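Chain and residue survey
Chain by chain, the residues run as shown.
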Amino acid sequence: MAFLPGCKGRVLIAAIVMAFALAACGSANSTQKPASSGPATVKIGYLTGDSASALFAVANQQHLWQKYNLKPDLVTFTSGPLVLEALKAGDIQIAHGGVGALWPAMAGQADFLGADVFDDADALIAQPSSGVTSISQLKGKSVAVTTGTATDILLRLALAHAGIPFSDVHEIQMAPATIVSAFSSKQVDLAGSWYPLLNTILAKVPNTVILARSTSYAPKVRFFNGFLASRSMVSKDPSLVTRVMEVLETANNWVVAHKLAAETLAAKFNGVPVSSEQLTLNHVAYLSSTAFSQDIHDGKVAAWLKTLAQQFKSMGIIPSVAPVSSYFASNIYLAAAKKISAR
């Protein structure tokens with residue numbers, strides 16, 4: 001061992017001697033207890049006002065984080081792509097978003113942990129003055145969407161269902177808030193948006209035409225919101241991820257059983273009127289851990305994910321369709337669900 005010279009060396013040696021002395025005293029004192037470890041901080045990113053808000057509100061109100069020795073650091077974003085960038089950059093450990101946020105898992109950059117809701121929040125819309133009343137009329141038209149989001153996927157699915165090549169439609173890339181202002185001021189005739197942003201559009205543009213919704217192509221294609229985790233977190237500390245999922249699944253089960261109360265809690269959490277929260281939550285169906293576990297066992301979840309992966313591949317977002325088992329951490333979801341049901 002190399003020792004530091006002079007004064008620094010003497011200070012280091014003195015510190016080592018003191019450490020041994022304290023250790024000896026600790027050994028002699030049989031009543032001394034080791035210090036308990038503090039709560040583990042988990043950074044979770046989500047869209048402002050989305051379905052995860054109700055889960056966080058319930059978890060806070062019922063002290064679920066403390067129960068599982070966790071400390072949440074909740075970070076809000078304005079769009080799914082921004083959440084994903086934060087996850088890939090390591091700024092957050094867990095991300096919540098819609099189906100448009102699933103591609104990093106399918107590309108091997110994250111792990112999918114499970115869904116909290118079936119989603120009917122996304123819609124393709126037309127100005128009442130545009131004369132467009134169906135998807136079949138979109139050929140040659142311009143549609144404003146946020147690229148890479150669920151509305152982008154919905155547009156492509158709707159066009160494919162109508163037999164219209166995507167190249168026959170001009171997709172205009174806009175930020176979510178920009179779509180709201182552009183559609184509300186009639187700068188664009190056609191757009192894709194989602195609740196709660198769609199609440200603002202419908203209030204400002206009465207008789208807005210809904211061309212397609214998230215549930216238009218169910219049950220073959222399911223739009224759902226869910227959680228992703230960084231691969232390093234899942235591989236290094238799966239027990240921590242399981243604890244996080246126990247909190248979220250417990251909160252989810254409570255929301256399923258107490259919808260009205262959950263709306264009130266979520267409204268307070270988001271700082272909006274209960275009526276506004278109801279408009280948003282009316283377009284999602286929360287999934288109990290029992291229901292989603294059954295969908296996993298039945299192979300339904302794998303089928304939905306495979307269909308979405310094929311869509312991402314056709315969009316050029318991912319190079320190939322990987323096996324669902326390579327990116328869906330179903331063992332973590334099922335383990336958390338089992339622990340909850342055993343109580």
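Structural data are supplied above this passage.
Described below are features of the structure shown in this document. (Residues numbered from 1 in each chain as written. Predicted model: local features only at pLDDT ≥ 70, side-chain atom pairs only at ≥ 80, totals over all residues. Heavy atoms only, no water.)

A look at the sheet that holds strand β2 (residues 70-77)
Read from one edge of the open sheet, six strands run β2-β1-β3-β10-β4-β11, paired in mixed fashion. Either end of the sheet is taken by a strand with one partner, and the two such strands are β2 and β11 (284-286). With direction set aside, neighbouring strand axes in the sheet form an average angle of 30°. One ladder, built from four bridges, connects strand β3 (residues 94-97) with strand β10 (residues 224-229); its direction is antiparallel. The residue of β10 that forms the bridge with His96 is Phe227. (Pairing = 2+ DSSP bridges. Helix = DSSP H or I, 4+ residues; strand = E, 2+ residues; numbered from the N terminus. Axes fitted to C-alpha atoms, helices over the stretch in contact; angles between N-to-C directions.)

A few points about the environment of Val256
Among the structural elements, Val256 can be located in helix α10 (residues 238-257). Overall, the relative accessible area of 40% leaves Val256 in the partly exposed class. Not counting the four nearest positions on each side in its chain, Val256 is found in contact with Tyr286, Leu287 and Ser288. (Buried < 20%, exposed > 50% of the residue type's maximum accessible area, 1.4 Å probe, protein only. Contact = heavy atoms within 4.5 Å.)

Observations regarding helix α14 (residues 300-314)
One turn of an α-helix holds 3.6 residues; hence residues three or four places apart share an orientation. Here α14 contains 15 residues, and its C-alpha end-to-end distance of 21 Å stays within 8% of the 21 Å for a straight helix at 1.5 Å per residue. Of the positions making up α14, those classed as buried are Val301, Trp304, Leu305, Leu308, Ala309, Gln311 and Phe312. The buried residues of α14 all sit within an arc of 160° when viewed along its axis, so they share a single face. Looking at the buried residues of α14, the elements they touch are α5 (103-106), β4 (111-119), α6 (150-162), β10 and α13 (289-297). Positive backbone phi, approximately 80°, marks Gly316, located one or two places after α14. (Expected span 1.5 Å × (residues − 1). Arc of directions from axis to C-beta.)

Some remarks on helix α15 (residues 330-341)
Its twelve residues give α15 an end-to-end C-alpha distance of 16 Å, which sits within 8% of 16 Å, the value for a rise of 1.5 Å per residue. The set of residues buried in α15 consists of Ile332, Tyr333, Ala336, Ala337 and Ile340. Angular distribution of buried residues about the axis of α15 spans 130°; they occupy a single face of the element. With respect to the buried face of α15, the exposed residues turned more than 90 degrees away are Asn331, Lys338 and Ser341. Residues of α15 that are buried in the fold lie against β4, α9 (231-236), α10 and α13.

Re the side chain of Glu246
Turning to its location among the elements, Glu246 is positioned in helix α10. Exposure remark for Glu246: the relative accessible area of 4% places this residue in the buried category. The contact partners of Glu246, leaving out residues within four places of it in the chain, are Tyr68, Ala336, Lys339, Ile340 and Arg343.

Topic: the nonpolar core
By size, the foremost hydrophobic cluster in this structure holds 94 residues, and its most contacted members are Leu102, Phe224 and Leu305. Top element by residues in this core is α10. It accounts for eight residues. Apart from the residues within four sequence positions on either side, Phe224 is in contact with Gly97, Gly98, Val99, Leu102, Phe112, Ala115, Val117, Phe118, Asp119, Trp304, Leu305 and Leu308. Core analysis: the next-biggest nonpolar cluster, separate from the first, contains 15 residues, Ala121, Ala123, Ile125 and Val188 among them. (Core = buried A, V, L, I, M, F, W, Y, C linked by side-chain atoms within 4.5 Å.)

Notes on unusual backbone geometry
Here the residue pair Tyr195 and Pro196 is connected by a cis peptide bond, since its omega of 10° sits within 30 degrees of zero. Looking at the secondary structure, you find Pro196 in the loop between β8 (190-194) and α8 (197-204). Between Ala218 and Pro219 the backbone carries a cis peptide bond, its omega angle lying at 5°. Here Lys186, not a glycine, exhibits a phi torsion of approximately 65°, which is positive. Relative to the helices and strands, Lys186 resides in the loop between α7 (176-184) and β8. The phi angle at Asn207 is positive, at roughly 70°, despite the residue not being glycine.

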